[in-house]
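Examination of the molecular architecture
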Amino acid sequence: MPTHHPALSRRTLLGAGGALGLGALLTACGGDGDSASSGKDGGAANAGDGKPWSFKDDRGKTASTEQRPENIVAFVSAAAALHDYGIECTGIFGPSKPIDGKPNPQAGDLDLTKLTSLGNEWGQFNIEKYAALEPDVLISNMFPAPALWFVPEESSKKIAALAPTVGIDGARVSLKQPLARYTELAASLGADLETERVRAAKARFQKAERTLRKAAEANRGLKVLAMTGDADQMYVAVPDSYCDLNYFKDLGVEFVEGKKSDEWGFWEFLSWENANKYHADLIMIDNRTTALPPKELAKKPTWAKLPAVKAGQTVAWSMEERYSYAGYAPVLEGLATAVEKSKRLKR
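In short, a report on the structure. (Residues numbered from 1 in each chain as written. Predicted model: local features only at pLDDT ≥ 70, side-chain atom pairs only at ≥ 80, totals over all residues. Heavy atoms only, no water.)

Moving on: the layout of surface pockets. Here the largest pocket defines a volume of roughly 360 Å³. Along the walls of the largest pocket sit 17 residues, with Ile99, Asp100, Asn287, Pro293 and Pro294 positioned nearest its centre. Elements supplying a minimum of two residues to the lining of the largest pocket: strand S12 (282-286), helix H8 (294-297) and strand S13 (314-317). Counting residues per element, the lining of the largest pocket draws most heavily on S13, which supplies three residues. Looking at side-chain class alone, the lining of the largest pocket contains nine nonpolar, three polar and five charged residues. Along its surface, the second largest pocket is lined by 14 residues, and Ser318, Glu321, Gly327, Pro330 and Val331 are the ones closest to its centre. Secondary-structure elements contributing two or more residues to the lining of the second largest pocket are S13 and helix H11 (325-341). (1 Å grid on protein atoms, 1.4 Å probe; cavity = no way out; pocket = protein on both sides within 12 Å on 5 of 7 lines; lining within 4 Å. Points joined across faces, edges and corners; volume = space filled by probe spheres on them. Helix = DSSP H or I, 4+ residues; strand = E, 2+ residues; numbered from the N terminus. Nonpolar A, V, L, I, M, F, W, Y, C, P; charged D, E, K, R; others polar.)

Written as structure tokens, this is what we have:
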């Protein structure tokens, strides 16, 4: 994917991380059904009210339990999104360890000391730990559906047999869709959408949205390239495959359009010798643990010679940011600032 090529053995977790093909590698399971429940539920977060619960996910499958789930296990950024609405998880899976001593961006505002991790890396999902948590539901993202992100294909049936699963799609749609879906999911789990914290987060997001649109309008013609890299290759994103880039385009940001290199269509693969194939005035750099950080990218001669890099016109790309207004407001603000400060450069 864009987000992780599992090991880029399917190329090293895309060393770059990419949703790259993952869709295929991950397999999701879940119950079928037609009913869905979303919308505001008044109780305290995670407090079961004794009433049946169900939620129709983006695979068209309905997860249901006899009462509202209390023991929730989720992919780390999914757990972080729910946390922003006051819904707490019991366990997480996926990258959560600090990066260079700093909090992992995928973990948002989670207190990791209160959560059981089932594994940080691709394929490390610990089924025994998962079963011991007595989960009521498992929640993850999809890049694209129907595979649940970071749920190993070889274990997916065993995992799905332990609790219902919910998948939220983050590929080839606008960011607005997963943002809305997580809001609905959180509400179904007992979140109060009218709290000051939740309302303030959405207001900040909407303000940042206007700021980015204004910045893009004022700097028309600025070319932005989103990328990730590993030891052997640089990966240029195909913007329409990513919900955030897709949405930024709607706000007026002009992206370099990578060409689909494989059946998944998230990246164009370039050898480092060809890293200068596209001209870009501003470069968004994948900030996940699976991607080469700026200090390692700087060791690549062709990277160091790129006009945007020489001009210091780069910005972090939170390509797996949590799908909440609280999570994305700072992302929009950061990109808006970068667009405002960047200048169009000569090749």
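So, next bit.
A separate point is the nonpolar core. Ranked by size, the top nonpolar core spans 87 residues in total, and within it Leu82, Ile139, Phe248 and Met284 carry the most contacts. For this core, the leading source of residues is H11, giving nine residues. Ignoring sequence-local partners within four residues, the contact set of Phe248 consists of Leu212, Val253, Phe255, Met284, Val331, Leu332 and Leu335. Leu270, Ala275, Leu292 and Ala308 belong to the second-largest nonpolar core, a separate cluster that totals 17 residues. (Core = buried A, V, L, I, M, F, W, Y, C linked by side-chain atoms within 4.5 Å. Buried < 20%, exposed > 50% of the residue type's maximum accessible area, 1.4 Å probe, protein only. Contact = heavy atoms within 4.5 Å.)

Turning our attention to the packing of aromatic side chains. Aromatic ring pairs: the centre-centre distance and the angle between the two ring planes describe each pair. Tallied over the entire structure, the rule returns 20 aromatic pairs. Ring plane angle 65 degrees and centroid distance 6.0 Å describe the contact between Tyr235 and Trp267, whose orientation is recorded as edge-to-face. Within this pair, whereas Tyr235 is found in strand S9 (residues 233-237), its partner Trp267 is found in strand S11 (residues 267-271), the two being separated by 32 residues in sequence. The exposure class of Trp267 is buried, given its relative accessible area of 0%. Members of the aromatic cluster, each reached through a chain of ring pairs, are Phe75, Phe93, Trp122, Phe125, Tyr130, Phe143, Trp149 and Phe150. (Phe/Tyr/Trp six-rings, centres within 6.5 Å; stacked < 30°, edge-to-face > 60°.)

Another point: helix H2 (residues 76-83). Think of an α-helix as 3.6 residues a turn; residues three or four steps apart then line up on the same face. For H2, a buried count of eight out of eight residues is recorded, marking the element as mostly surrounded by other parts of the structure. Those residues of H2 lying buried are Val76, Ser77, Ala78, Ala79, Ala80, Ala81, Leu82 and His83. In the core, the buried residues of H2 are packed alongside strand S3 (72-75), strand S4 (91-93), strand S6 (137-142), helix H5 (176-188) and helix H6 (196-218).

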